[in-house]
Amino acid sequence: MPWRGWACARARSPTEAQRRSAAVFLRRRSHRAHLVALALVWACAGWAAAAQPGDLVVLETEGATRPTLHAWGRSWPVRRISAQRWRGWVGVDLTVRPGHYVAEWRFSHRRVREAIVVRPRAFALSHIRVPKAMAEFDAPTLARIRREAEAIRRCYRDWRGRAPAFRFLALPTEGIVSTPFGARRVVNGSPRAPHKGVDIAAPRGQPVIAPLGGQVVEVLDGFLMGNTVCVAHGDGLVSVFMHLDEVKARKGAFVRAGEIIGTVGQTGRATGPHLHWGVVFRGAALDPLRLVANRATNAVKGADYGRKDQASDGD
Ligand SMILES: [Zn+2]
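Source: prediction; values computed, not measured.

Engineer: I tried to follow the sheet that holds strand β3 (residues 68–71) on my own but got confused; where do I start?
Structural biologist: Either a parallel or an antiparallel arrangement is found when strands of a sheet pair, and the pairing is made through backbone hydrogen bonds. Spatial strand order, β1-β8-β7-β3-β4: five strands in an open sheet with mixed pairing. Each having just a single partner strand, β1 (48–51) and β4 (74–76) make up the two edges of the open sheet. In this sheet, adjacent strand axes meet at a mean angle of 30° when their direction is disregarded. Inspection of the sheet shows β1 paired to strand β8 (residues 111–118) by four bridges, in the parallel sense. Paired with Ala48 across the strands is Ala115, a residue of β8.

What follows is the structure, given as structure tokens:
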């Protein structure tokens, strides 16, 4: 259950009546209560960032000293963009429910709160059928699957280095989106966890490039995920590429944006050749396609978004 900020009644400026009642409240209560009431008015009155599950939210603030940025119980990267202006990036996890949340800038002697309004997002339903051996597992296979899943979670916890950017300038490969981000999956009739990535169906052997520079922090041959490469871009932004036919990256190597890291394949549990591209930012599963610069996104065929008969997986 993600941390949820206290709710505001509205995200726009408060009415005069609300201001007056807050002022009355302030006169009556202790100093501690003043702060609580002020925070409430600020968070509800200020500019609110609107987002959906899977989005990256960009926030800015002003101050003479470097602040830290906090939301959903963790800190987020902050960069100076001019003498007294700071920009921060916050990921809205796939599982965050619609509602009002709060991000907080912490300076040494003050705090600034900003509302993040998460709006509902409709996710596709994806049915796939795979052989029984790929849906029901014996104990050793289950142990292997868990080990591999833990290796991927370790990649997600890699916050080392500085991200070259917080968006992708290119797609890792071009093709047809066969299962969109967040799709509610049903494997052989059983409901499974939502799809934490995007499936891009493409011919086997087509190159897969790093969409942003980073370090290859894991390479493994997974039972379900097939040949997999994890790239930590820095600042806790991590990409994972699954079902590769060939891996052309070495664990520990640094790759530049555009460098080939493998080829599209059908290894692991896959109903056809495709690339599964997952992006996790400080623990938040994000929609990779929403992080790609607009022009580059056109290279995936939007008309086929979510087609059931295309290559897919159960990841
Ligand atoms: Zn997938």
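Engineer: I tried to follow unusual backbone geometry on my own but got confused; where do I start?
Structural biologist: For residues that are not glycine, phi is negative in most cases, and the peptide bond is trans in most cases. Phi is positive for Trp72, which is not a glycine, with a value near 50°. Taking relative accessible area as the criterion, Trp72 reaches 6% and is therefore assigned buried. Phi at Asp235 takes a positive value of approximately 60°, unusual for a residue other than glycine. Judged by its relative accessible area of 13%, Asp235 is buried.

Engineer: Would you take a moment to explain the packing of aromatic side chains for this structure?
Structural biologist: Here the distance between the centres and the angle between the planes together describe a pair of aromatic rings. Tallied over the entire structure, the rule returns eight aromatic pairs. Each ring, one from Trp72 and one from Tyr101, has its centre 5.1 Å from the other, and the planes form 40°; the classification is tilted. Of this pair, Trp72 sits in the loop between β3 and β4 while Tyr101 sits in strand β7 (residues 99–106); the two residues are 29 residues apart in sequence, bridging distant segments of the chain. The exposure classification of Trp72 matches that of Tyr101, with both residues buried. Both rings, one in Phe168 and one in Trp277, keep their centres 5.0 Å apart while their planes meet at 70°; by these two values the pair is edge-to-face. One end of the pair, Phe168, is in the loop between α3 (139–156) and β10 (175–179); the other, Trp277, is in strand β20 (residues 274–281), and 109 residues separate them in sequence. The exposure classification of Phe168 matches that of Trp277, with both residues buried. One aromatic cluster in this structure is built from Trp76, Trp89, Phe166 and Phe281. When the ring centre of Phe107 is taken as origin, the NZ or CZ atom of Arg110, which lies over that ring, is 4.1 Å away. One residue, Arg282, lies across the ring of Trp159, its end atom 4.2 Å from the ring centre.

Cut-offs applied
- Residues numbered from 1 in each chain as written.
- Predicted model: local features only at pLDDT ≥ 70, side-chain atom pairs only at ≥ 80, totals over all residues.
- Heavy atoms only, no water.
- Pairing = 2+ DSSP bridges.
- Helix = DSSP H or I, 4+ residues; strand = E, 2+ residues; numbered from the N terminus.
- Axes fitted to C-alpha atoms, helices over the stretch in contact; angles between N-to-C directions.
- Buried < 20%, exposed > 50% of the residue type's maximum accessible area, 1.4 Å probe, protein only.
- Phe/Tyr/Trp six-rings, centres within 6.5 Å; stacked < 30°, edge-to-face > 60°.
- Lys NZ or Arg CZ within 6 Å of the ring centre and 35° of its normal.

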